[in-house]
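In case you want the letters, here they are:
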Amino acid sequence: MKILVAVKRVIDYNVQIRVKEDGSGVVTDNVKMSTNPPDDNAIEEAVKIKESGKATEVVAVSVGEEKAQETVRKALAVGSDRGILVKAEGMIEPLAVAKILQKVVEKEKPDLVFMGKQAIDDDCNQTGQMLAALLNWPQATFASKIEVKDGSLEVTREVDEGLETLEVNIPAIVTCDLRLNEPRYASLPNIMKAKKKPIEQINASDLGIDTKPRVEQVKIEEPPKRKAGIKVASVEELVQKLKNEAKVL
Ligand code: AMP
């Protein structure tokens, strides 16, 4: 069984995001970039399935600028066997990423595609669902537990009412939640070994995919600053303030 895992390079989740003065986007120059957090869970799960003997190959794929190679390299350092970088400049919207991944799937013929549930830069939560629709494959989103069965997967997902368990036939798309597992750190020897693992580079234009944005981003602005809070000395004072000042009681 072959597992393809999509990994996106995004601004590191610890970075304090700054909006550009002209409101055209967020500052990315000299900003630390990392793998989109749930994509680390997707890689970890694929590597664990391979280690359990139920998969034979894990292939990491990223769509983006040349620098996205670092993201693929990190996936190789934590156990992926090889990587693919589909080069495209600028902002690539979920539909374009899904169309590119569809081409990669048609070429690689994986049995499973693991992705993150959502990218923390655009917060779209669309790419996995769009890819499933384009391929006409079953999908299980927000996976917090995955069990590989014979020809199918049992996927547990967190929903408002509790836990939902689905069975999807393979081939399938699974988008991964942060609670799925604890991603491992890359050890120094594995980082060194990863340098020798192959990364195939493809141009998005060679796949015949138009990556021009379909959505116009009108403006980005900081959320309004919140007023500083206050400390109250007692529950009585809190109730009095909620009643008389906030007028919410
Ligand atoms: P989104 O729909 O943008 O919230 O992204 C959901 C998931 O799709 C991410 O967690 C990634 O696994 C995958 N994905 C989105 N954009 C890319 C990209 N440029 N390269 C690789 N994977 C991506």
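Here the structure is a predicted model, which means the values were calculated and not measured.

### Thoughts on the overall build of the protein
From N to C terminus, the protein includes 6 helices and 11 strands. Burial analysis of the protein (249 residues in total) assigns 42% to the buried set. Contacts in the protein between residues at least 24 apart in sequence constitute 71% of all its contacts with a sequence separation of at least 6. In the structure as shown, the protein presents an accessible area of about 14,700 Å², 51% of it carried by carbon and sulfur atoms. Side chains of the protein give 38 positive and 41 negative charges; the mean places of these two sets differ by 3 Å.

### A look at the site of the ligand
The immediate surroundings of the ligand are formed by 18 residues, with Asp39, Ala119, Asn125, Gln126 and Thr127 found nearest. Separating an oxygen atom of the ligand from a backbone N or O atom of Gly116 is a distance of 2.9 Å. At 3.0 Å from an oxygen atom of the ligand is found a side-chain nitrogen or oxygen belonging to Asp122. Taken by itself the ligand offers 480 Å² of open surface, and the protein chains cover 99% of this. Of all the secondary structure elements, the ones that give two or more residues to the shell around the ligand are β4 (57-64) and β6 (112-116). For the shell around the ligand, the element with the most residues is β4, which contributes 3 residues. Of the residues belonging to the shell around the ligand, the class tally is 8 nonpolar, 7 polar and 3 charged.

### Topic: the pairing of β4
Counting buried positions along β4 gives 8 out of 8 residues, so the element sits mostly inside the fold. Here β4 shows no split at all, with Glu57, Val59, Val61 and Val63 on one side and Val58, Ala60, Ser62 and Gly64 on the other all buried. Relative to β4, strand β1 (residues 2-6) is paired through 5 bridges, and the arrangement is parallel. Note that in β4 the partner of Ile3 across the bridge is Val58. Taken together, β4, helix α2 (residues 69-77) and strand β5 (residues 82-87) form a β-α-β motif whose crossover is right-handed.

About the cut-offs
Residues numbered from 1 in each chain as written. Predicted model: local features only at pLDDT ≥ 70, side-chain atom pairs only at ≥ 80, totals over all residues. Heavy atoms only, no water. Helix = DSSP H or I, 4+ residues; strand = E, 2+ residues; numbered from the N terminus. Buried < 20%, exposed > 50% of the residue type's maximum accessible area, 1.4 Å probe, protein only. Contact = heavy atoms within 4.5 Å. Areas by Shrake-Rupley, 256 points an atom, 1.4 Å probe, with all protein chains shown as cover. Lys, Arg positive; Asp, Glu negative; His and termini not counted. Charge placed at Lys NZ, Arg CZ, Asp CG, Glu CD. Near = heavy atom within 4 Å. Polar contact = N/O pair within 3.5 Å; in protein donor to acceptor, adjacent residues only side chain to side chain. Nonpolar A, V, L, I, M, F, W, Y, C, P; charged D, E, K, R; others polar. Pairing = 2+ DSSP bridges. Right-handed = clockwise from strand over helix to strand, strands pointing away.

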